[in-house]
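# Topology and contacts: notes
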Amino acid sequence: MTDHNTSSDTERDARHKTRMERKKAVVDAAIAAATDQRGVLLVNTGNGKGKSSAAFGVLARALGHGLKAGVVQFVKGRSDTGEEAFFRRQPEVSWHVMGDGFTWDTQDRSADIASAKAGWEQARAFLRDPEIGLVVLDELNIVLKYAYLDVNEVIADLQARPAMQHVIVTGRGAPEALIAAADTVTDMGVVKHAFKAGIAAQAGLEF
């Protein structure tokens, strides 16, 4: 019995090694073919949790590599989030909260449009600055979804940015035109969410 098991394990190990060798060859070839280096436009969208959190994770990564960064938060109006408290302490980050709160709270389309336009002016300043290596446009998708900004003008500004500048756009309902213009798009889906079970948003996890 022991000999049979040992033989089976040896065969399994050999098959695994063969599969991994083939996989390594495919991965190595793909890496070798990816030679371009330029600024990348990423879009995090979908109904699942984590779109902004993922962007701020990349922000931490960028700072670790010595990049300067600019953050513009659309829609969101609160200034007591853990991410803002942390990143405002980093001298390489310029952080701007430009929203007035969720649209169902503000209930004022004209004011929301004015806030979105003011936010985009700040975003444009970052997008024209070659010293800024990463720009995070948090919840921009929301204002595009509600047509508070012209999506074609936004895309034109994004495409005119410095060659090596990276941009991350977050928010539900990313417009198709932005998805088409992006280099990397992640659609975050919902499997379960604690809020549906009556668990409130908590400091350190949701904000």
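Below or above, wherever it landed, is the structure these notes cover. Since the structure is predicted, the reported quantities are computational estimates derived from the model, not experimental observations.

Looking only at helices and strands, one finds eight helices and six strands in the protein. Ordered by position in the sequence, the α and β elements of the protein form the string α-β-α-β-α-β-α-α-β-α-α-β-α-β. Against the globule reference of 17 Å for 207 residues, the protein gives a C-alpha radius of gyration of 22 Å, more extended than a compact globule. Taking the principal axes of its C-alpha atoms as reference, the protein extends roughly 75 × 45 × 35 Å. Pairs at least 24 apart in sequence give 79% of the contacts found in the protein among residues at least 6 apart.

In this section: the packing of aromatic side chains. This model, assessed by the stated rule, comprises six aromatic pairs. Ring plane angle 45 degrees and centroid distance 6.3 Å describe the contact between F56 and F87, whose orientation is recorded as tilted. You can see F56 sitting in helix α2 (residues 51-64) and its partner F87 sitting in helix α3 (residues 82-87), a full 31 residues away along the chain. The same class applies to F56 as to F87, namely buried. With centroids separated by 5.7 Å and ring planes inclined at 20 degrees, the aromatic side chains of Y146 and Y148 adopt a geometry described as stacked. Ring pairing ties together the aromatic residues F56, F86, F87 and W95, which thus form one cluster.

For E139, which is not a glycine, the phi torsion comes out positive at approximately 65 degrees. As for its position among the elements, E139 is in the loop between β4 (132-138) and α6 (140-145). What makes E139 buried here is its relative accessible area of 14%.

Moving on, we get to the environment of V26. As for its placement among the helices and strands, V26 is situated in helix α1 (residues 2-33). Look at V26 and you get exposed, because its relative accessible area is 58%. Considered as a pair, V26 and S8 are 18 residues apart in the sequence and their alpha carbons are 27 Å apart.

With that out of the way, let us pick up the nonpolar core. F74, W120, L137, L140, L149 and L158 are the most contacted members of the largest nonpolar core, which totals 29 residues. Mapped by element, the contributors of at least two residues to this core are β1 (41-45), α5 (109-127), β4, α6, α7 (151-159) and β5 (166-170). Top element by residues in this core is α5. It accounts for six residues. The residues touching F74, leaving out its near neighbours within four places in the chain, are G99, A116, G119, W120, A123, L137, D138, E139, L140, V143 and L149. One finds F56, A69, F87 and W95 within the second-largest nonpolar core, a separate group that totals 13 residues.

If you check α5, its first and last C-alpha atoms are 26 Å apart, about what 19 residues at 1.5 Å a residue would give, namely 27 Å. Within the sequence span of α5, burial applies to D112, I113, S115, A116, G119, W120, Q122, A123, R124, F126 and L127.

A separate point is the pattern of salt bridges. Two side chains that carry opposite charge are able to pair once their charged atoms sit near each other. Enumeration according to the criterion identifies seven salt bridges in this entry. Between R124 and D157 there is a salt bridge, and its shortest N-O distance comes to 2.7 Å. Of this pair, R124 sits in helix α5 while D157 sits in helix α7, and the two are 33 residues apart along the sequence. As far as burial versus exposure is concerned, R124 and D157 are alike and both buried. Within the structure, one salt-bridge network assembled from shared partners comprises E121, R124 and D157.

Calculation notes
Residues numbered from 1 in each chain as written. Predicted model: local features only at pLDDT ≥ 70, side-chain atom pairs only at ≥ 80, totals over all residues. Heavy atoms only, no water. Helix = DSSP H or I, 4+ residues; strand = E, 2+ residues; numbered from the N terminus. Rg over C-alpha atoms; globule rule 2.2 N^0.38 Å. Contact = heavy atoms within 4.5 Å. Phe/Tyr/Trp six-rings, centres within 6.5 Å; stacked < 30°, edge-to-face > 60°. Buried < 20%, exposed > 50% of the residue type's maximum accessible area, 1.4 Å probe, protein only. Core = buried A, V, L, I, M, F, W, Y, C linked by side-chain atoms within 4.5 Å. Expected span 1.5 Å × (residues − 1). Salt bridge = Lys/Arg side-chain N within 4 Å of Asp/Glu carboxyl O.

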